[in-house]
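Understanding the architecture of this molecule
Listed here are the chains, written in short residue letters.
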Amino acid sequence: MQVTELFTAQLEDAIMKNPHGILADFLPDIHNSIPEIQENLFYICASGRRTLHQMEQYSFSDVDGYMLLYTRSGHGLIEVSGDSRNLECGDMLLWDCSDFIQMRALCDEWKVDMLFFNGNAGITYYEEICKIAFPLFNVSVGSLAECHFMEAMALGAVITPHHAFLANKLLTNLLSDLICTLHMSADIAKAAPAYIDEIRTLFITSCESDYSMDELAMRFNVNRYRMTREFSEFVGMTPLKFL
C-alpha cells in the first residue's frame, strides 16, 4: 500500500483556495455509501504528503473534522489562535479543523504527512487530550503510535465496510496511544519527591520505632507541614495513619 503523494484536486481546492469550505463537500461521493457505519465510527476523509518550502504558508479553518499532522523531516511553525509552536522531525499535531491553523515552513523543505478524519467520538478524544496539554506529541519511529498512523495513511479513505472498521480500529488505537502517552508524562511530572519515598521506606523497614514529625522534618530538611501535606498527597494518607 502506498500513501498518495498529493490530495485529490477537489480537496486541494477546498483547503488551498476555499479555506472556509466544508471538507465533506469536496470528498468523493463514496463517503456517503456507508453513512450508517460512519455515524458511529472514526473514518478517514483524506490523507496525503506535502512538502512545504521555505516561508511557504498553508492555512484553513471552519473545516468539519480533525487533522493529524506528522513531520517526517525538516521543521516548521504552526500558528493557531493565541499560540504558535515549532514542529520538528517526529512531532505529531492533532487539530480540530474547525479552528484556524496556519503552517509555515522554516527550512528549505518541511515534509509532512496529513491525515484528515472524522467521527462522533472525535470530540471526546480531542477534549480529553486538550485537558492535559496542547495536542502536540513527539512520536518516535517504530512506536505503536507511529505504526498505527502510517497504517491509517496507507489505508486511505473509506470505501467498504471492511475498510471502515479497520480505519476505526487504527484511529482508535492511535488516539488511545497518544492519550496514554500524555497520562504517563503527567504521572511522571507528579512523581513524589525523593524524600517522601525515603520516609515511606523508613516507616516500612523500621515500623516499630517512634517517630516525631518535627524530627523527621529536620532529618529531611523540609517544613513539617509541607512534609505532612506532600506525604498525604502522594501516599494517600498522613504519616501517622501510615504508621
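Residues numbered from 1 in each chain as written. Predicted model: local features only at pLDDT ≥ 70, side-chain atom pairs only at ≥ 80, totals over all residues. Heavy atoms only, no water.

**Remarks on the overall build of the protein chain**
Helices and strands together make up the secondary structure of the protein chain, namely nine helices and nine strands. Of all 243 residues assigned to the protein chain, the portion counted as buried reaches 44%. The contacts in the protein chain between residues at least 6 apart in sequence include a share of 76% that link residues at least 24 apart. A total accessible area of about 12800 Å² is found for the protein chain, and carbon and sulfur atoms account for 52% of it. (Helix = DSSP H or I, 4+ residues; strand = E, 2+ residues; numbered from the N terminus. Buried < 20%, exposed > 50% of the residue type's maximum accessible area, 1.4 Å probe, protein only. Contact = heavy atoms within 4.5 Å. Areas by Shrake-Rupley, 256 points an atom, 1.4 Å probe, with all protein chains shown as cover.)

**Some details on helix H3 (residues 122-132)**
Within the sequence span of H3, burial applies to Gly122, Tyr125, Tyr126 and Ile129. Buried positions in H3, seen along its axis, are confined to an arc of 95° and lie on one side of it. Opposite the buried face of H3, at more than 90 degrees from it, the exposed residues are Thr124 and Lys131. (Arc of directions from axis to C-beta.)

**Description of helix H4 (residues 144-155)**
In this model H4 runs 16 Å from its N-terminal to its C-terminal C-alpha over twelve residues, within 8% of the 16 Å that 1.5 Å per residue would give. What H4 keeps buried is the set Ala145, Glu146, His148, Phe149, Ala152, Met153, Ala154 and Leu155. Looking at the residues trailing H4, positive phi occurs at Gly156, about 75°. (Expected span 1.5 Å × (residues − 1).)

**Quick word on the environment of Met237**
By the element assignment, Met237 lies in the loop between helix H8 (224-235) and helix H9 (239-242). We classify Met237 as partly exposed; its relative accessible area is 30%.

**Section: the pattern of salt bridges**
In the structure shown here, the tally under the stated rule is nine salt bridges. With a closest N to O distance of 3.0 Å, Arg85 and Asp83 form a salt bridge. The partner of Glu109 in a salt bridge is Lys111, and the shortest N-O contact between them spans 3.8 Å. Residues participating in the shared-partner salt-bridge network are Arg49, Arg72 and Asp113. (Salt bridge = Lys/Arg side-chain N within 4 Å of Asp/Glu carboxyl O.)

**Focus on the confidence of the model for the protein chain**
With 79% of its residues at a pLDDT of at least 70, the protein chain reaches an overall mean of 78. Low pLDDT, under 50, characterises residues 1-11; the stretch is placed with 25 contacts to residues that sit more than four places away or in other chains. Across residues 18-33, confidence stays below pLDDT 50; counting only partners more than four residues off in sequence or on other chains, it has 32 contacts. (pLDDT = per-residue confidence, 0-100.)

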